[in-house]
Amino acid sequence: MLLSFRISLRNLKFFEVEIVFVIKIICKNHLEKFISLQSQKYLMSILKKRGVGRFRHLISIDELTKEDIVYILRLAEKFEPIARGEKASKALEGMILANLFFEPSTRTRMSFEAAMKRLGGDVINMTAQEASSVAKGETLADTIRVVGNYADVIVLRHPLIGAAKFAAENSIVPVVNAGDGAGQHPTQTLLDLYTMEKEAKLEGSKVALMGDLKYSRTVHSLIKALALFNTKIFLISPAMLRLPEEFIEEVDADISEVELEDVIDEIDVLYVTRIQKERFPDEEEYRRVAGSYVLTPELLKNAKEGMIIMHPLPRVNEIATDVDGTRHARYFEQAFYGVPIRMAILSELLGG
Amino acid sequence: MSEFETKSDRKHLVVSKIKNGTVIDHISPGMSPLVLKILGIGPGSKEAVSMAMNVHSSKMGKKDILKVEGKFISDEELNKIALIAPEATINLVEDFEITRKFRVEPPEVVENIIKCPNQHCISNSNEPIKSRFRIFTDGRKVVAKCDYCGKKLYNLQDYI
Ligand SMILES: [Zn+2]
C-alpha cells in the first residue's frame, strides 16, 4: 500500500493532490484503526507536506466565510505571545517556506519570514531581482513546480492578477497569495480585521475609509470582509478616486459617502490609504488633491477617545508625523499584527 | 415537414433537410459564424455545414440556422452556444428523423473560449494557461466572470 502511494505521489502531479486531500480527511479521523504505526508516520509526513488544515491554499479573502475569518483571528490571538518573542515555538520545525517575490515588497516578505521563524521553521527567498531574471526564461508554472520540491509552502507576490490562483493550480504545496497586482492580498485584510478587533472593535463597528478608494486593492478587500461583520462604512475620498459604483452595488454593506468632519465624532476606526501620484494627470493636481487629504492632530479634535487610525504602510505624507504620538495612532501595531496572522495561516496550512 | 420547420416558417425555408447530424435553430441573428467558431468548425473541418442567416422567425423576428451534416456534437459543446445565442434549440437528426430536441443551457464554466480583455490578467500571459470564465445569468443576460482576475463581461460575442 505504501509503495503504491509513493508511486502515485511521484507520477500523478495534480491528481495526487486530490488523493492526498481525501486521504487527509480519512486519516485525520481513523488513522490509528487501519494502518501500522510506521505507515501512519509516513502518511502524516505527506499530509504535513500537503496541508492539513481548513484550507489548502490562501488565495483570496472572498473564499473565506465569516466563520473561517473568526477562526483565523482566534488562532492569531493564540500565537501573539510567540510573535512577540515572549514564548518560543517549534511548531513548524523542519519545514521550509519559500518566498517568491516577483515584485519587491520587503515589508510583507519580512513579515512572513518572521512568522515562519517564530514557529521554528526556515525560509528560503527568491528576491524580486532574481525573480525577474527567472521570469525571462521560465514560466511561473515551472517555477512553482520546481520550488514545490524545495519547500513546504510557497508565498507568492506577483504583478499579474490571478497569478496566485494559477500558481495554486500548479502547486503540490500550499500557496499563500502575498499580493497579485491589483487583485488580492488576503493576509493584509486579515491583519486589518485583527487590528480592529484588538485595538477597537470589529463586529458592528463604524469604519471610515479615507484616500484612494478607487484603485486601492486593500480597501476593496477590506470592505468585502467588513460587510460580513455588520459594520457601517463611511467613504471619504477625492471625487476622482471614489469607490466604483459597480463595487458598491455588489457588496451587501451599509456604505455612505461623507466628509471626515461629519463622522469623526462617531467612528471607531479611521483607515487611511495612500493617494498615488500616478493616478493624476499632472503634478499640480496631485499636490492640490493629496494636500487636502492629510490627516493632522487638528482634524482629530472631536474623535472618540477609543477611535483608532490605521494605515497599510508605507505612508508618504497622508498622516502627519505628529499624529503618531496621539492616543489614536495604531498603524505600527497594525504592522506587527501581520506576524501572528501569518503564523496562524502558516500553521493552518502546514498543520503545525 | 423539416425538423425545425414551423408552420409560419415553412415558406421561408432556405436550407435543405439533413440525413444525419445536428441542426441548431433559433440562433440569435448574425451569430451563426461565431457559433461555428465555438464548435471548432472552420477552415480544415470536414463536416458539411449549411448556414442560414437572418431568416424569418415567428418567435424571434429574425434568426440564424445551422445544419451540421454527419456530425453529432456533444451536449457539453452545444451548451457553449448559449453564451451568445441563449435561445438556440438543438435537433439531433438520424435518418431524417429528429431523435432528440433540447434548448441550450449556459454551462457553469467555460475554458479557452472567451478571451479576458484585462491586460493585467494572468490568463493573458505566456503561461501554459487556459482562460476560464464562470457563467451566470443576470436577468436574461448571460454574464461571464474571469476566474483569474474577476473581470465581468456582458456582450460575450465581443470576446470570443
Ligand atoms: Zn481575467
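Conventions and cut-offs
- Counting starts from 1 at the beginning of each chain's written sequence and moves along it residue by residue.
- Chains and ligands are labelled by the order in which they are written, letters from A for the one and numbers from 1 for the other.
- Totals for whole chains, interfaces and linings use every residue, but because this is a predicted model, local features are given only for residues with pLDDT of at least 70 and side-chain atom pairs only at 80 or more, for both listing and counting.
- Only hydrogens and water are removed before side-chain values are computed, so all heavy atoms of the structure are retained for them.
- An automatic or database domain assignment provides the domain bounds reported here.
- Two parts placed together each lose some accessible area; with a 1.4 Å probe, that loss summed over both constitutes the buried area.
- Salt bridges are defined as contacts in which a side-chain nitrogen from Lys or Arg sits within 4 Å of a carboxyl oxygen from Asp or Glu.
- Sodium, potassium and calcium take a 3.2 Å donor cutoff, other metals 2.8 Å, and in both cases only N, O and S atoms count; water is not among them, so sites may look incomplete.
- In short, tetrahedral needs four donors with all angles between 85 and 135 degrees, square planar needs four and octahedral six donors with opposite donors over 155 degrees apart and all other angles between 65 and 115, and whatever is left is irregular.
- A run of DSSP states H or I qualifies as a helix once it reaches four residues; a run of E qualifies as a strand once it reaches two. Both are numbered from the N-terminal end.
- The contact criterion used throughout is that any non-hydrogen atoms of two residues lie within 4.5 Å.
- A 3.5 Å cut-off defines polar contacts: any pair of N or O atoms within that distance qualifies, except that in protein one atom must be a possible hydrogen donor and the other a possible acceptor, and neighbouring residues in sequence count only when both atoms are side-chain atoms.
- Only Asp, Glu, Lys and Arg are considered charged in this grouping, and only Ala, Val, Leu, Ile, Met, Phe, Trp, Tyr, Cys and Pro are considered nonpolar; every other residue, Gly among them, is considered polar.
- Pairs were defined over the aromatic rings of Phe, Tyr and Trp, the Trp ring being its six-membered one, requiring ring centres within 6.5 Å. Orientation was assigned from the angle between planes: stacked under 30 degrees, edge-to-face over 60, tilted for the rest.
- Placement of a positive charge over a ring is assigned whenever Lys NZ or Arg CZ falls within 6 Å of the ring centre and within 35 degrees of the normal to the ring plane.
- For two strands to pair, DSSP has to find at least two bridges joining them.
- Here the axes come from fitting lines to C-alpha atoms, over the contacting stretch only for helices, and the angles between their N-to-C directions go from 0 to 180 degrees.

## Points about the domain arrangement of chain A
Residue and element names in this part refer to chain A. Taken domain by domain, chain A comprises domain 1 (9-50), domain 2 (61-184 + 338-350) and domain 3 (201-329). The gap between the C-alpha centroids of domain 2 and domain 3 is 28 Å. Carbon and sulfur atoms supply 56% of the area buried between domain 2 and domain 3, which totals about 920 Å² over both sides. The tally of links from domain 2 across to domain 3 stands at two salt bridges. Its salt-bridge partner being K66, residue E203 comes within 2.9 Å of it at the nearest N-O pair.

## Focus on the coordination of the zinc ion
All names here are of chain B. On the protein side, the zinc ion has C116 (SG), C121 (SG), C146 (SG) and C149 (SG) as donor atoms, found 2.3 to 2.4 Å from it. What the four donor atoms of the zinc ion show is an angle range of 100 to 119 degrees at the metal, which sorts the shape as tetrahedral. Here the donor residues of the zinc ion are spaced in sequence according to C-x4-C-x24-C-x2-C. Taken together, the positions of C116 in the loop between β6 (109-111) and β7 (132-138) and C146 in strand β8 (residues 141-146) put the pair 30 residues apart, joining distant regions of the chain.

## Digging into the interface of chain A and chain B
Tallying the contact residues gives twelve residues for chain A and 15 residues for chain B. Together, the buried faces of chain A and chain B total about 1,100 Å²; carbon and sulfur atoms form 57% of this surface. On the chain A side of the interface with chain B, the three residues burying the most area are L160, I161 and F166 of chain A, jointly 47% of the side's total. Taken together, the links from chain A to chain B amount to three salt bridges. The closest approach of N and O atoms between D147 of chain B and K165 of chain A, which form a salt bridge, is 3.2 Å. For the pair chain A and chain B, the interface holds eight residue pairs in polar contact (both at pLDDT 80 or more). The greatest single-element share of the side of chain A that touches chain B, amounting to four residues, is contributed by helix α8 (residues 163-169) of chain A. Considered class by class, the residues forming the side of chain A that touches chain B number six nonpolar, three polar and three charged.

## Overview of the packing of aromatic side chains
One pair of aromatic rings is described through two measures. These are the centre distance and the angle between the planes. All names here are of chain A. Inspection of every chain in the model, using the stated rule, returns five aromatic pairs over all chains. The rings of Y194, F336 and Y337 are connected pair by pair, giving a single aromatic cluster. Against the face of Y215 rests R279, its NZ or CZ located 4.0 Å from the ring centre. A cation over a ring is seen here: R342 above F112, with NZ or CZ 4.8 Å from the ring centre.

## Here we look at the sheet that holds strand β3 (residues 153-158) of chain A
Residue and element names in this part refer to chain A. The four strands lie next to each other as β2-β1-β3-β4, forming an open sheet whose pairing is parallel. Each edge of the open sheet carries a strand with a single partner, namely β2 (122-126) and β4 (175-180). For this sheet the average axis-to-axis angle between neighbouring strands, irrespective of direction, equals 15 degrees. Bridge count for strand β1 (residues 96-101) against β3 is five bridges, and the pairing is parallel.

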